[in-house]
Amino acid sequence: MIETVLLYLALAVFAAGSVYRISAWFRHDIRSDTPPATPGARFGAALKGIAATVFSPKLFTLIRVFVMDVLLQIRLLQRSPYRWVMHICLYGGFMVLLLLHAMDGLITAKLFSNYQSTANPWVFIRDFAGLLVIVGVVMALRRRFFGAAPRPLTAKADTLLIAILAVVLLSGIVLKASKITSHTSYLDMVDVYAATFEEEELNALEAYWVDQYHVVSPNMTGPFEPETLEAGEELHEMACAECHARPNWAFTSFAVAKAGKRFALRLDALNFPGLMWWLHYLACMLGLAYVPFSKMFHFFTTPLSLMTNAVTDKHTASPLNLATKQMMELDACMHCGACSLACSVAVTVAEVPNALILPSEKIPAIRELAAGKPLTANRVRRLQQGLHLCTNCNHCTEACPAGIQLTDLWAAVKETVLQKGVPEFLLLSPLSVHRGVTAGAALDSDRYREPLETALGAVGGGRLTEFRQDPQPLAVPGSEKVFALAGQWMQPEAYAACYRCMTCTSACPVVRDNPDEAAKLGLLPHQIMYAVKLRQWDLIFDSRMLWDCVGCYQCQEQCPQSVQVADVLYVLKNQAISRAVAREFAGDRKGVQ
Ligand code: HEC
Ligand code: SF4
Ligand code: SF4
Ligand code: SF4
Ligand code: SF4
């Protein structure tokens, strides 16, 4: 009775949690260019999209993706046979346990009229499936803790999920083990199926079960007379055999049962099998209720993501559906870390310890952003740094077993995050021109310029009045090394020999491209070298030249005095940025909406 109530309770939490989680796909948006729409309108657009797909030849694509990528997981096999085996064990084993064991009343018993949970092949299948899941979990843990760097980071939620799964599996095994040896379970069965037996017959049956089925009896221990066992076997064949395969077939539980035989009588007296049953049941109910709040939900979302992406053309899809699709993709990520292993810039983490450089770690931050949680300016800065260091190589998207279009996600999120007004200094790099290229027509010139100006304002507007020869620990984590290296170039011999011949400025392509140079660029390269001598930091850091320099080294190559013009410019940039970072983010706790 109470277990039925618990089951319905767990199902209710499961259903409510799932609806809430799915509704977020329609309520939230991480793009900045989606036309305003109510969740209802977004839901309607999605239904229309689904209908248009199902009633078109694309249906065959859907079926192919379902068989190849969802059921057989060919995408995963191609990337990594190890993870494929791991995942097939986890997912195959789990599915068998769920459908044939947990839902046996609904499924197995209906399909197979002679189904008995204690008869073969079911005993063996159940144990084998449990073993598969355990093998999968061990493989996953091995990969997580001893795999190649950079490893997926383990979130608290991951640990809780693994803990619940472990309790479910282990309690299941121990439960079965304790029942095998339980004299009480034996007597319950005898009451039902051997009620008509005489005393002597009962003794023979019990002897047989003690001898062959490993029941631990307080009344008798072996060895028994062969005649007794023979008589017992006959009765067993009559009353029990039909439903009972030998316990050896439940091989994992059987091993545990044999190991625990010494304690069986005492445990049975304490109703240990009953307690284990409750532990197992409660863990299962907890697991069921927890699914929508954990990454187990990817059971639903990952197949959806794979199938949706197979039939969605981002150039023709409705913008509402693109917004919904990206929210669903965020949900489909199971934090497997494959993208981070493939990421071209993952190595940077060794020098710049910002986990949000790794694609797999960006996803949780983006989820928070999408859910409208206030992030500290520092977290936004870290996310921005991760997004802007990305080279758009697309390796992450190719590696993702959930088929998430990660590169598209980064492009969309970049613009949304920039609108929060936190200065992003990497925008000042000439390489960040890419942002304009990828955002394309969606980005009008104002929205393109604003974040640039925010960053320029932060570096130039701070009015640096002193230049630190000795690099101090900086607020940009990991930049100490870069800065120390660059600092070597700021010895006086790097710039002191300049006699203002202007060769550097004449050689500079940036100057050449700006006919009204002085007005736009501020100080020109030769003037900057001279200003360094004069320690005119304000003038230097306010100069656009510093940020428009493309680092081509023409100036440095042409200089007759071997002044390290381009290197000095780099040091100046680093100084300006590290100062601005220290000023903007020091002790930051404030939330950015
Ligand atoms: C109609 C099928 C059926 C018959 C006949 C039957 N059993 Fe069972 N028996 C079961 C099922 C099903 C379970 C598991 C019940 C559960 O898990 O609550 C079970 C469990 C047991 C257990 C506990 C160990 C375990 O593996 O779960 C013992 C011991 C047992 N039976 C003994 C007997 C004996 C002795 C007889 C013959 C007198 C017998 N059974 C006849 C179906 C049957
Ligand atoms: S596109 Fe960016 S995040 Fe993805 S693998 Fe390449 S560098 Fe890493
Ligand atoms: S984005 Fe894809 S590859 Fe990366 S952690 Fe998530 S599911 Fe794995
Ligand atoms: S840095 Fe070299 S090229 Fe430039 S003005 Fe000075 S001496 Fe001339
Ligand atoms: S390195 Fe910079 S300053 Fe020097 S020539 Fe190239 S663009 Fe001009």
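Here is a short report on the structure shown in this document. Computed from a predicted model, the values in this text were never measured in an experiment. (Residues numbered from 1 in each chain as written. Chains lettered and ligands numbered in written order. Predicted model: local features only at pLDDT ≥ 70, side-chain atom pairs only at ≥ 80, totals over all residues. Heavy atoms only, no water.)

Ligand 5 sits among 14 residues. The nearest are Cys508, Cys549, Cys552, Tyr553 and Cys555. Looking at the shell around ligand 5, the elements that each hand over two or more residues are helix 26 (509-512), helix 31 (554-558) and helix 32 (565-585). Taken together, the residues that form the shell around ligand 5 break down as 12 nonpolar, 2 polar and no charged. (Near = heavy atom within 4 Å. Helix = DSSP H or I, 4+ residues; strand = E, 2+ residues; numbered from the N terminus. Nonpolar A, V, L, I, M, F, W, Y, C, P; charged D, E, K, R; others polar.)

Bringing the site of ligand 3 into the picture now. Around ligand 3, a shell composed of Cys333, Met334, His335, Cys336, Gly337, Ala338, Cys339, Ser360, Cys400, Pro401, Ile404 and Leu406 is seen. Class assignment of the residues belonging to the shell around ligand 3 gives a composition of 9 nonpolar, 3 polar and no charged.

A few words now on the packing of aromatic side chains. Taken as a whole and judged by the stated rule, the model has 17 aromatic pairs. Seen in terms of ring centroids, Tyr115 and Trp122 are 5.3 Å apart; in terms of plane orientation they differ by 70 degrees. Their pairing is edge-to-face. Like Trp122, Tyr115 is buried. Summarising the aromatic geometry, the rings of Trp277 and Trp278 are spaced 5.1 Å apart at their centres and angled 90 degrees between planes, so their arrangement reads as edge-to-face. One aromatic cluster in this structure is built from Phe124, Phe128, Trp249 and Phe251. One residue, Arg500, lies across the ring of Tyr530, its end atom 4.0 Å from the ring centre. A cation over an aromatic ring shows up here: Lys573 above the ring of Tyr570, its NZ or CZ 5.0 Å from the ring centre. (Phe/Tyr/Trp six-rings, centres within 6.5 Å; stacked < 30°, edge-to-face > 60°. Buried < 20%, exposed > 50% of the residue type's maximum accessible area, 1.4 Å probe, protein only. Lys NZ or Arg CZ within 6 Å of the ring centre and 35° of its normal.)

At a closest axis distance of 7 Å, the pairing of helix 1 (residues 2-27) and helix 16 (residues 319-332) adopts a crossing angle of 140 degrees. Every pair of crossing elements has a handedness; the one defined by helix 1 and helix 16 is right-handed. For the pair helix 1 and helix 16, the contacting residues are Arg21, Ala24, Trp25 and Phe26 in the first and Thr324, Met327, Met328 and Asp331 in the second. Classifying every residue of the contact of helix 1 with helix 16 by side-chain character gives 5 nonpolar, 1 polar and 2 charged. (Axes fitted to C-alpha atoms, helices over the stretch in contact; angles between N-to-C directions. Left-handed = near helix turned anticlockwise from the far one by under 90°. Contact = heavy atoms within 4.5 Å.)

Right, let's get into the nonpolar core. Judged by nonpolar contacts, the single largest core of 43 residues is most densely connected at Ile30, Leu330, Leu383, Leu406, Leu409, Trp410 and Val413. For this core, the elements supplying multiple residues, two or more each, are helix 1, helix 8 (156-181), helix 14 (272-290), helix 16, helix 17 (338-342), helix 18 (359-370), helix 19 (377-389) and helix 21 (406-418). No fewer than three residues from each of domain 1 (1-30 + 38-72 + 294-334) and domain 4 (337-460) sit in this core. Within the second largest apolar cluster, 42 residues are counted, among which are Leu428, Tyr495, Cys508 and Ile540. (Core = buried A, V, L, I, M, F, W, Y, C linked by side-chain atoms within 4.5 Å. Domains from an automatic or database assignment.)

At this site the iron atom of ligand 1 is bound by Met189 (SD) and His244 (NE2), with donor distances of 2.0 to 2.3 Å. For the iron atom of ligand 1, the 6 donor atoms in the first shell make angles of 87 to 179 degrees at the metal, so the coordination geometry reads as octahedral. Remark: His244 occurs in the loop between helix 11 (226-239) and helix 12 (251-259) and Met189 occurs in helix 9 (residues 183-193); sequence separation between them is 55 residues. Assessed through its relative accessible area of 42%, Met189 is described here as partly exposed. (Donors = N, O, S within 2.8 Å, 3.2 Å for Na, K, Ca; no water. Tetrahedral: all angles 85-135°; square planar, octahedral: opposite > 155°, others 65-115°.)

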